[in-house]
Amino acid sequence: MSDTARGVDISVGLFILLGLVSVIFLVSQSLGASDISGNASYTLHAKFDHIGDLKIRAPVALAGVTIGRVSRISVDPDEFRATVDLRIDSRFSQLPVDTFASIATAGIFGGKYIDLSPGGDDMVLQDDDELEFTQSAILLENLIGKFMLNTKGEPTE
Amino acid sequence: MSTLVRNSWSRFSEFAATFGGFQMFSFRLLPYLPAALLKPRLITEQIYAIGVLSLVLTMFGGFFVGTVLALQSYGTLVEFGQVDSLGAFAAEALVRELGPVVAALLFAGRAGSAVASELGLMRATDQIAAIELMAVDPVERIVVPRFIAGMISVPLLAAIFCAVGMLGVYLVGVHLLGVDGGAFWTHIHDRVDLYEDLGSGMLKSFVFGVSASLMGVYEGFYAAPTPAGVSRAATRTVVITSVWILLFDFILTGISLPGV
């Protein structure tokens, strides 16, 4: 093998290596969105009257710390309520059965997430259990509408 | 009037003939692909000529696209107090759109035109005929290694473009504009999705790679054997490849965006 052929081989090898390193870098940066997928997890269900614009993969937070993600959103055809599946990291499997789930907003224009407030019951939620106490999303536009109607209705003396 | 109709018809049929010839040529290449892998030497040489020599231009392009992206989006994001998501915004733009498209356009300009003029000059100086006389198939020997090398190189170049672009965004965003480094990476982790963003970007750059290298070898192989023909082949490669890349980009973005 001549010297030039060897040089070509080396540079092609380095080029492909650099490309693969870049791919691995990008993959490692994009794996965060499913960050609990690697860990063991369990699923809870919660029913809401209205979920606002909650999206799949929205965070599930306990005391403000993300402990899971919304894994599925569907509509219960009998009750006409939204059923949200929460996939929660198994490290947090000690949630009491009277845990309260509400749909909260991160900041004023931020995305929706699910906020869990643990209750005081001794019984612990198991995989596939349903959260009984829920609060729907507060729709900002409804609040503004109500506020405007109220102020308009009042006499303005 | 009849002249106009006749001219348009002849132009249209010429276009159809070229387009059909291009499809036939693409299918003609398919059976050669497995056999070409038995001669990796030819492919390595072409990866060097096509990919390695485009590397500096691609990295340069990626870095400065990243820095400009950071500077431009910072001005808008700072108005809404969302500078923390600068990284996520730039990463999505780079991985989904800018990386595959700009890397492929640079590739078409740097390597596609080189392949076309190289093959065109081989045609003009009867080297292709000479290879045929030696009972060596010119498609197998000349065309297919260049095509495979392009197909391999473009996705790698696009990935390098994105990675270097992220470096540029990071340097400008975090070190120059003072975005918090931790929030920068956290937002990227949260927002960029493996399949929806990176997957669709890589799929795009693979499609762009196939079309860019196919166009280069086709135009060069069938170039008119004159100096004007060779230059025409190089020009057509860049122009038609760019049009294809932008067209495919629209189609693939439409397919991969959910809920559109």
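Since the structure is predicted, the reported quantities are computational estimates derived from the model, not experimental observations.

A. Here's a closer look at the overall build of chain A. Helix and strand counts for chain A stand at two helices and eight strands. Helices (α) and strands (β) of chain A occur, in sequence order from the N terminus, as α-β-β-β-β-β-β-β-β-α. When the 157 residues of chain A are sorted by exposure, 21% land in the buried category.

B. Summary view of the overall build of chain B. Scanning chain B for helices and strands turns up ten helices and zero strands. Written out in order from the N terminus, the α and β elements of chain B read α-α-α-α-α-α-α-α-α-α. Oriented by its inertia axes, the alpha-carbon framework of chain B measures out at about 65 × 55 × 35 Å. When burial is assessed residue by residue, chain B has 46% of its 260 residues classed as buried.

C. A look at the domain arrangement of chain A. The assigned domain composition of chain A is domain 1 (3-27) and domain 2 (39-145). In this structure, domain 1 of chain A and domain 2 of chain A have C-alpha centres spaced 47 Å apart.

D. Main features of the sheet that holds strand β1 (residues 41-48) of chain A. In space, the eight strands of this open sheet follow the order β7-β1-β4-β3-β2-β6-β5-β8 (chain A), with mixed pairing throughout. The open sheet has two free edges, formed respectively by β7 (130-131) and β8 (133-135) of chain A, since each of these has just one partner strand.

E. Main features of the interface of chain A and chain B. Taken together, the 18 residues of chain A in the interface contact 23 residues of chain B. In terms of residue class, the side of chain A that touches chain B is made up of eleven nonpolar, six polar and one charged.

F. Spatial organisation of the pairing of strand β6 (residues 112-117) of chain A. Residue and element names in this part refer to chain A. Direction of pairing for strand β2 (residues 59-62) relative to β6: parallel, over a ladder of three bridges. Bridge assignment links Leu62 to a residue of β6, and that residue is Leu116. Sheet analysis places strand β5 (residues 100-105) next to β6, joined by six bridges and oriented antiparallel. The residue bridging Thr105 from the neighbouring strand is Lys112, located in β6.

G. Fine view of the packing of helix α5 (residues 86-124) of chain B against helix α10 (residues 227-256) of chain B. All names here are of chain B. Their axes nearest at 8 Å, the elements α5 and α10 cross at an angle of 150 degrees. By the criterion of interaxial angle, the relationship of α5 to α10 is roughly antiparallel. When the axes of α5 and α10 are compared, the crossing they make is right-handed. For the pair α5 and α10, contact is made by Val101, Ala104, Leu105, Ala108, Gly109, Gly112, Ser113, Ala116, Ser117, Gly120, Leu121 and Ala124 and by Gly229, Val230, Ala233, Ala234, Thr237, Val238, Thr241, Ser242, Ile245 and Asp249, respectively.

H. Here's a closer look at helix α3 (residues 40-50) of chain B. Among the residues of α3 of chain B, those classed as buried are Ile43, Thr44, Gln46, Ile47, Tyr48, Ala49 and Ile50 of chain B. Close packing links the buried residues of α3 of chain B with α1 (3-30) of chain A together with α2 (32-36), α5 and α7 (138-176) of chain B.

I. Structural detail: the packing of α3 of chain B against α7 of chain B. Residue and element names in this part refer to chain B. Packing of α3 against α7 brings their axes to within 8 Å, and their N-to-C directions diverge by 55 degrees. Between α3 and α7, the interaxial angle falls into the category oblique. Handedness of the crossing formed by α3 with α7: right-handed. The residues of α7 that touch α3, namely those facing Leu42, Ile43, Gln46, Ile47 and Ile50, are Pro145, Arg146, Ile148, Ala149, Gly150, Ile152 and Ser153.

J. How the structure looks around the pairing of β5 of chain A. In the sheet, β5 of chain A pairs with β8 of chain A via three bridges, with the strands oriented parallel. Bridge pairing links Phe100 of chain A to Phe133 of chain A in β8 of chain A.

K. Representation of the nonpolar core in the model. Ranked by internal contacts, the top residues of the largest apolar core, which has 80 residues, are Ile47, Leu86, Ala103, Ala104, Phe107 and Cys162 of chain B. Elements with a minimum of two residues in this core: α1 of chain A together with α3, α4 (55-79), α5, α7, α8 (181-191), α9 (194-221) and α10 of chain B. Element by element, the count of residues in this core is highest for α7 of chain B, at 22 residues. Residue contacts for Leu86 of chain B: discarding those within four places in its chain leaves Ala70, Ser73, Tyr74, Leu77, Gly173, Val179 and Phe184 of chain B. If you look at the next biggest cluster of nonpolar residues, it comprises 21 residues, including Val60, Ala82, Ala101 and Leu125 of chain A.

L. Fine view of unusual backbone geometry. Located in the positive-phi region is Phe80 of chain A, a residue other than glycine, with phi close to 55 degrees. Tracing the chain through its elements places Phe80 of chain A in the loop between β3 (65-76) and β4 (81-89). Judged by local crowding, Phe80 of chain A falls into the exposed class, with 8 C-beta atoms found within 10 Å. The backbone of Ala135 of chain B shows a phi angle near 60 degrees, a positive value even though the residue is not glycine. Looking at the element boundaries, Ala135 of chain B is found in the loop between α6 (127-133) and α7. Exposure remark for Ala135 of chain B: the 6 C-beta atoms within 10 Å place this residue in the exposed category.

M. Looking closely at the environment of Ser117 of chain B. Residues and elements named next belong to chain B. Mapped onto the secondary structure, Ser117 falls in helix α5. Each C-alpha atom, one on Ser117 and one on Ala234, is 5.4 Å from the other, the two residues being 117 residues apart in sequence. In this structure Ser117 touches Gly220, Val230, Ala233 and Ala234, once residues within four positions along its chain are discounted.

N. The confidence of the model for chain B, seen in detail. When pLDDT is averaged across chain B, the result is 90; 98% of the residues are at 70 or more. Predicted complex metrics record ipTM = 0.82 and pTM = 0.76.

About the thresholds
- Residues numbered from 1 in each chain as written.
- Chains lettered and ligands numbered in written order.
- Predicted model: local features only at pLDDT ≥ 70, side-chain atom pairs only at ≥ 80, totals over all residues.
- Helix = DSSP H or I, 4+ residues; strand = E, 2+ residues; numbered from the N terminus.
- Buried ≥ 20, exposed ≤ 12 C-beta atoms within 10 Å, placed from the backbone.
- Domains from an automatic or database assignment.
- Pairing = 2+ DSSP bridges.
- Contact = placed C-beta atoms within 7 Å.
- Nonpolar A, V, L, I, M, F, W, Y, C, P; charged D, E, K, R; others polar.
- Axes fitted to C-alpha atoms, helices over the stretch in contact; angles between N-to-C directions.
- Parallel < 35°, antiparallel > 145°, perpendicular 65-115°, else oblique.
- Left-handed = near helix turned anticlockwise from the far one by under 90°.
- Core = buried A, V, L, I, M, F, W, Y, C linked by C-beta atoms within 7 Å.
- pLDDT = per-residue confidence, 0-100.

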